[in-house]
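# Survey of secondary and tertiary structure
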Amino acid sequence: MHVKLWGTRGSLPTPQAPEQIEARIKGLFQGFFAAGHQQASEVDDYLAKLPADRFGGYGGETLCVEVSTSQQRLIIDGGSGMRSLGYELAKGASGHGQGELHILFTHFHWDHLSGLPFFLPLFIPGNKIHVYAVQPDLPEVFRTLFKKPYFPVPLEKIDAEIEYHQLMPRQPVTFDDLTVTPYQLDHPDPCWGYRFEAGGKVLSYCVDNEIQRVSREDLGLDLPLYQNVDLMIIDAQYTLLEATEKINWGHGAAPDGLEIAMREGIKQVLFVHHDPAASDAKVAAAEWQARCFYEKQLQMIHRSPHKLHELTWSFARDGMTIAL
Ligand SMILES: [Zn+2]
Ligand SMILES: [Zn+2]
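Notes on the structure follow. Given the structure is predicted, the values throughout are model-derived calculations rather than measurements.

### A few points about the pattern of salt bridges
Taken as a whole, this structure holds 15 salt bridges when the rule is applied. Note that R143 and E140 form a salt bridge whose closest N and O atoms lie 3.0 Å from each other. Taken together, the residues R143 and E140, both in helix α4 (residues 138–145) and three residues apart, mark about one turn of the helix. Here R143 falls in the partly exposed class, since its relative accessible area comes to 43%. R195 is the partner of E197 in a salt bridge, and the nearest nitrogen-oxygen pair spans 3.2 Å. A relative accessible area of 30% places E197 in the partly exposed class. Residue class for R195 comes out buried when judged on its relative accessible area of 9%. Among the charged side chains, a network of salt bridges with common partners joins R170, D186, R213 and D222.

### A short note on the sheet that holds strand β9 (residues 192–198)
If you trace the seven strands from one edge of the open sheet to the other, you get β7-β8-β9-β10-β11-β12-β13, paired in mixed fashion. Since the sheet does not close on itself, it has two edges, and those belong to β7 (173–175) and β13 (312–315), each with one partner. Put simply, the sheet's adjacent strands are angled 20° from each other on average, direction ignored. In this sheet, strand β12 (residues 268–272) lies alongside strand β11 (residues 231–235) in parallel orientation, the contact comprising five bridges. Its bridge partner being in β12, I233 is matched across the sheet by L270. Where helix α7 (residues 254–264) meets the sheet, its contacts fall on β11, β12 and β13, and the angle it forms with β12 comes to roughly 160°.

Definitions and limits used
Residues numbered from 1 in each chain as written. Chains lettered and ligands numbered in written order. Predicted model: local features only at pLDDT ≥ 70, side-chain atom pairs only at ≥ 80, totals over all residues. Heavy atoms only, no water. Salt bridge = Lys/Arg side-chain N within 4 Å of Asp/Glu carboxyl O. Helix = DSSP H or I, 4+ residues; strand = E, 2+ residues; numbered from the N terminus. Buried < 20%, exposed > 50% of the residue type's maximum accessible area, 1.4 Å probe, protein only. Pairing = 2+ DSSP bridges. Axes fitted to C-alpha atoms, helices over the stretch in contact; angles between N-to-C directions. Contact = heavy atoms within 4.5 Å.

That's the geometry; what it means functionally is another story.
Structure follows, in structure tokens:
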């Protein structure tokens, strides 16, 4: 299973302002010379050692994730990152009107839809786009999204054929070698995460999610979303302090995701839905706070009522790819 994160920002696309880019370039030059480098041939080595927040940053596109196997490709959510995915897909069959695509929606907040009107395969005759959600109002959402005065092309003028599918809560659906099961997340409007299984590997997509339910008892019917998982992608918009100030805003903090992951033995975690109000330095600071929490948990590993597991994890950035 291959996973590509086309967008990892939450709530609103977050482009860098020219002065932010200028400040970063200036800082890189200063750091390069301060480290004693002088040759252009030393640039690559110098940059490779820098943390994400000091070089490329985490990215500013809102959520869109591509999951593919040798037989199938599924897209999760249509945030602004979907625009770039559309260009990439248009180089293949969907660019010639022979594409068949499957898009699953977690919920319909703007940051998970705003790339959809700019998704090139929708405007190529002959393509067939299957769209899926647990929520029954998916066709209504499309009618509203592709409608004047919000968008110049009404739904009936979209070139590709769109087919709507309603998913049933906690009922698996099979796409060739990929099985997908929706589970409910903690969000003010109903939001469904997905468990993907293929070739003995499991991806769990848990965004948007306030992670109000952490214990096995509280997770109840939705516990399987977090069990026997190779990679979990989960919401970490806030620091722990912000999460306590923003109860019922619908977003989580990395320590809550880590608590579940360490208890359930999840092998790898990527945190996404970075706060649009956070600079790259602030996202990095939240990542460092989470690192302190994780190290502390490791020290208590033998005192915990549950067996705790070590894992690899990081805050994700746009364009990241993972092979399971
Ligand atoms: Zn969101
Ligand atoms: Zn949301």
